[in-house]
Amino acid sequence: MADINIPPPTNATSILAGASLRAGLSRLAKATAPPVAAVLLALLAGAVLLAVTGFNAFDIFTVMVNGVFQDVGSIAEMLLRATPLILIGIGLCVAFRCSIWNIGAEGQFYAGSCAATFCGVHFAGLPSWAHILLILVAGAVAGALWAAIAGLLKVLFNASEIVTTIMLNYIAIFMTSYLVTGPLMESGAAYPQSAKLLREVWLPRVVPSTRLHIGILIAVALATIIYVFLFRSSAGYAVRIVGINSHAARYAGISVRRSILLAISISGSMAGLAGAMQIAGVTHRLYQDISPGYGFEAIAVALLANNNPVGAIFSGILFAVLDSGSELMQINAQVPQVLVFIIQGMVILSVVGFAAFKFQSARPQE
């Protein structure tokens, strides 16, 4: 018998590939449309506010964007500001996916900063690479343990994690104040601060002549790892199921307590790691006010990303652009600080409002 050559079904393959591409683009559009609309709505409201108060909104936003992206140094500073927002944001994505409202990332950031500083000013005999690794691991572990306190209170006593994490914020901040005025205070210093870390344990720079350190690359890598954990692992699946319906998860044999503790500990470890990177990569010593509010701003970062760790990279950069641009609005365009804070608040409220609307729409109708 003669060989029969059957041509490959190129038409069918191309049709299926096209359908898959269109479906993927449709899902991407549905996922990105709400947060993009939230930001645009907030910026539009900010433009109206600026116009009402006598400023040219177009000129001011132009100054803001041009200032942030004017050169490599400006972009590096923006990415430096984005690094802790991305790290804390991807951790909050895990907690929020488990329906754990971790409002304590600020305190976990402070806990990580304190642990990193302690390790940074001690263990001087270690090789530099091992010392840096110890600093980062200590920060992550301290943040995880600090968050686990609220997790244990929830699983053992059903205590609201919102209340406990907020209370733990204040404890961590007061603990930092005590440390920089007592056990960790630099000898002979005129201000509350710790001793400075040795140059050998500073995080390596990724862009010469800028302050941008390797933490931005670690943050992007961790966002990918956390994404795989959430959506490609059985433990991540359990975390998401507990977040959707804890009763159904328990009926299916999933340990709700373990998932809650895992989710909030991962969230805290990312905040603690962000604190450690702030010490080893930016300030190189501990201050009383080491954070300008990263833990609270990262809540909006996670919500804007729709609790997607990879999306937190882009939302973290967006908020860093807004933060950097707001400073330029005050310096170059002479916009009052109060107006800048109002515009930033509009962005956060808009993001939270869209997230709440989506959550309410997704709930089953009674």
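All values derive from a computational prediction rather than experimental measurement. In every chain, residue numbers begin from 1 and rise along the written sequence. Reporting of local features is limited, given that this is a predicted model, to residues whose pLDDT is at least 70; pairs of side-chain atoms are given and counted only at 80 or more, and all residues count toward the totals for whole chains, interfaces and linings. Note: side-chain values were computed over all heavy atoms of the structure, leaving out hydrogens and water.

*Asks:* Tell me about the overall build of the protein chain, and name the residues and values.
*Replies:* Counting from the N terminus, the helices are DSSP H or I runs at least four residues long and the strands are E runs at least two residues long. Of the regular secondary structure elements, the protein chain holds 13 helices and zero strands. Written out in order from the N terminus, the α and β elements of the protein chain read α-α-α-α-α-α-α-α-α-α-α-α-α. Accessibility here uses a 1.4 Å probe with only protein chains present; expressed as a share of the type maximum, an area under 20% marks a residue as buried, one over 50% as exposed, and anything in between as partly exposed. Out of the 366 residues belonging to the protein chain, those deemed buried represent 47%. Residues are treated as being in contact if the distance between any of their heavy atoms lies within 4.5 Å. Long-range pairs, those at least 24 residues apart, make up 75% of the contacts in the protein chain with a sequence separation of at least 6. Per element, the accessible surface of the protein chain, about 18,600 Å² overall, is 68% carbon and sulfur. Each accessible area is a Shrake-Rupley result for a 1.4 Å probe, and residues are judged covered by the shown protein chains and nothing else.

*Asks:* Which residues make up the nonpolar core, and what values do they have?
*Replies:* Generally speaking, soluble globular proteins have nonpolar side chains that are buried together. Side-chain atoms within 4.5 Å link the members of a nonpolar core, which is a set of buried Ala, Val, Leu, Ile, Met, Phe, Trp, Tyr and Cys residues. Of all hydrophobic cores here, the largest spans 96 residues; its most connected members are Leu87, Ile88, Ile90, Leu92 and Phe319. Sequence-distant contacts of Leu92, that is, excluding residues within four places in its chain, are made with Asn102, Ala105, Ser267, Gly295, Ala298, Ile299 and Ala302. Core analysis: the next-biggest nonpolar cluster, separate from the first, contains 13 residues, Ala47, Leu50, Met329 and Ala333 among them.

*Asks:* Explain the confidence of the model for the protein chain to me, and be specific about the residues and the numbers.
*Replies:* Each residue carries a pLDDT score, the predictor's confidence in it, ranging from 0 to 100. Scored by pLDDT, the protein chain comes out at a mean of 89, with 89% of its residues at no less than 70. When the elements of the protein chain are averaged for pLDDT, helix α1 (residues 10-52) gives the smallest value, 73, and helix α10 (residues 256-283) the largest, 98.

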